[in-house]
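Coordinate inspection notes
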Amino acid sequence: SALCVMRSCEDANVPKTIAEIYDAIGLGPFQWSLFAIAGLGYMADAIETGVISFLGAECAKDWPAVRGNENLLSTSVFVGELVGAFVWGPLSDKIGRKRAFLYSNLCLITFGMLSAGAPDFYTFIVIRFFVGISIGGIVVPYDMLMESCNERHALNFTAAIQFWWTFGTLYVNAIATVILPADWGHWRVFLIFSCLPLVLAALSYFALSESPMWLQDVGRDEEAMQVLQRAAARNGRSLDGIALTQYARESEPSLREVFSGQHRRTSMSLSVVWMLGLFGYYGAALVTPEIFSTEEGGVNFGEVLFSRCGEIVGVVFWMVLTWRVKLMHSLAICYGAAVVFSLALVAKDSVSHTSLAMLNFMLAAAVMAANCGTWVVTPQAFPTHIRGTAGGVLYGAGRIGGLLATLWPSATPFVAVMLTYAGANAICAVFTLVEGGMLEHNGVLQAFSLDLRGSTLSRPSRPSAPAKPEASLLSG
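Residues numbered from 1 in each chain as written. Predicted model: local features only at pLDDT ≥ 70, side-chain atom pairs only at ≥ 80, totals over all residues. Heavy atoms only, no water.

**Some words on the pattern of salt bridges**
- This model, assessed by the stated rule, comprises six salt bridges.
- Of the charged contacts, one joins R97 and D93 as a salt bridge, the two residues approaching to 2.7 Å between their closest N and O atoms.
- A relative accessible area of 0% means that R97 is categorised as buried.
- For R97, the salt bridge identified is with E147, shortest N-O distance 2.8 Å. You can see R97 sitting in helix α5 (residues 97–116) and its partner E147 sitting in the loop between α7 (139–146) and α8 (151–160), a full 50 residues away along the chain. Exposure class is identical for R97 and E147. Each is buried.
- It is possible to trace a salt-bridge network through shared partners that takes in D93, R97, E147 and R387. (Salt bridge = Lys/Arg side-chain N within 4 Å of Asp/Glu carboxyl O. Buried < 20%, exposed > 50% of the residue type's maximum accessible area, 1.4 Å probe, protein only. Helix = DSSP H or I, 4+ residues; strand = E, 2+ residues; numbered from the N terminus.)

Right, dumping it as structure tokens:
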């Protein structure tokens, strides 16, 4: 028994990896409050995508110049997002997740409110470009959440945060349904209300803590331990007598590293999936108002809202699917389903409104499930010091897809549009099944797991000793 006590004392004095400390902290109020705050920030992209769907017809009532130039509204935002992707991700790797999260939210609120007061169409376009740049900060709360709990909970949270995306979609459709048809309603009022969740996210800044993984990665071990101790206290646990192992970043973050060496193939492969997958997702969102347009030139907002509810089903379906299927194979299944429902909508003029609503509901579910999986897989593939940069770059690839979805000439037949979206989803299905499956099998997507368990002493073995992939996001 004396030997056991001695070993216990020795174990207590051995510095712990961040994974071991997260296991000691457990799951509790600390992670759930961060989940809510990060989720409010994560809603931004979904809200702005939904706003785009309604602004064309509404702004044309005030500005005749909009007619024939509706694509400028969405193009300006997506070009801004593409620029922002190369700002906020790298910035979060350099100055920290917390400050980058605040700055992006403040910029988004500022330019969102300014756009509601734009005096003319072309000023409005310029301001919406800066809205797009600000939206690029969406990658920051995602990384912050993932880096604040153990691996199993991190994967569950990064899947569940997609519900906030869906809440954003439903929120913007709901306020459009209430505000735009009303006598007092106006698109300017609509834009102001669309900013409210972001105001809440910005106000929550003071309740946030910096990512312990990022602090450890930059060598600020004492601050990292202070954050971990506050997290433990919030969860009703204690870290007395526990020290954090040293594990500083191997190199300074750079864009070049994302596309060089061991990360080149991963980055190129995921870029294809992000670009074509988001092309299909945004395409499905942007054609929904057209599908449910009325003979009077308006939009049946109730049917649009019902269809977008499919996103909730999509997130749940993907999470359940991972119980039985590997991550990349689950993406292939979801992209395959998106192909089927994109093709089914080609016959929209030949089916009833009820059938059309159900088909669009299922398409929303399929593209959301695929999008959910793509977001979850990405941060696992890169180490902490370039996770934000890589996430920003791949988010930028997705913005290219979103931008392409806005560039259809107004005379393009609906059938041609949907066949193109089906083709993009089909490429993603094949790519994730073959290329993605190989990457997952080779343990390439385990960088996050290695950093959680890493220490300076274990670093030499990192490239050749990937952790065993999880069987399911929700297992254990």
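Read on, since the account is not over.
**Quick look at the nonpolar core**
- Counting residues in hydrophobic clusters, the biggest one holds 142 residues, and the most contacted among them are F124, W165, F190, L228, W318 and W375.
- In terms of residues, this core owes the most to one element, helix α3 (residues 29–59), which gives 16 residues.
- Excluding its chain neighbours within four sequence positions, the residues that come into contact with W165 are Y42, D45, A46, I138, Y281, Y282, E311, M368, N371 and W375. (Core = buried A, V, L, I, M, F, W, Y, C linked by side-chain atoms within 4.5 Å. Contact = heavy atoms within 4.5 Å.)

**Details of the packing of helix α17 (residues 310–321) against helix α18 (residues 327–344)**
- Relative to each other, α17 and α18 sit at 140°, their axes nearing to 10 Å. Looking at the two axes, α17 sits oblique to α18. Where α17 crosses over α18, the handedness of that crossing is right-handed. On α18, the residues that touch F317, W318 and L321 of α17 are L327, S330, L331, I333 and C334.
- Its residues assigned to classes, the contact of α17 with α18 comprises seven nonpolar, one polar and no charged. (Axes fitted to C-alpha atoms, helices over the stretch in contact; angles between N-to-C directions. Parallel < 35°, antiparallel > 145°, perpendicular 65-115°, else oblique. Left-handed = near helix turned anticlockwise from the far one by under 90°. Nonpolar A, V, L, I, M, F, W, Y, C, P; charged D, E, K, R; others polar.)

**A word on the packing of aromatic side chains**
- Within this structure, the stated rule accounts for 23 aromatic pairs.
- Ring centres 5.3 Å apart and planes at 75° place the aromatic pair F129 and F130 in the edge-to-face group.
- Take F129: its relative accessible area is 24%, and that puts it in the partly exposed class.
- Classification of F130 by relative accessible area gives partly exposed; the value is 35%. (Phe/Tyr/Trp six-rings, centres within 6.5 Å; stacked < 30°, edge-to-face > 60°.)

**Concerning the confidence of the model for the protein chain**
- Per-residue confidence for the protein chain averages 81 on the pLDDT scale, and 90% of its residues sit at or above 70.
- For the protein chain, the element scoring lowest by mean pLDDT is helix α1 (residues 2–13), at 44; α18 scores highest, at 92.
- Contacts of residues 1–10 to residues separated by more than four positions or lying in other chains number zero contacts, the stretch itself having pLDDT below 50. (pLDDT = per-residue confidence, 0-100.)

**Here's the deal with empty space enclosed by the protein**
- Under the definition given, this model contains seven cavities of 30 Å³ or more.
- For the largest cavity, the calculated volume is near 120 Å³.
- Every element with two or more residues in the lining of the largest cavity is listed here: α3, α9 (162–179), α15 (264–291) and α16 (301–308).
- Among the elements that make up the lining of the largest cavity, the one with the highest residue count is α3 (five residues).
- As a volume, the second largest cavity reaches approximately 80 Å³.
- V139, Y142, D143, W274, W375, T378, P379, F382, R387, G391 and Y395 are the residues that line the second largest cavity.
- Of all the secondary-structure elements, those providing two or more residues to the lining of the second largest cavity are α7, α19 (353–380) and α20 (384–405).
- Tallied by class, the residues present in the lining of the second largest cavity amount to seven nonpolar, two polar and two charged. (1 Å grid on protein atoms, 1.4 Å probe; cavity = no way out; pocket = protein on both sides within 12 Å on 5 of 7 lines; lining within 4 Å. Points joined across faces, edges and corners; volume = space filled by probe spheres on them.)

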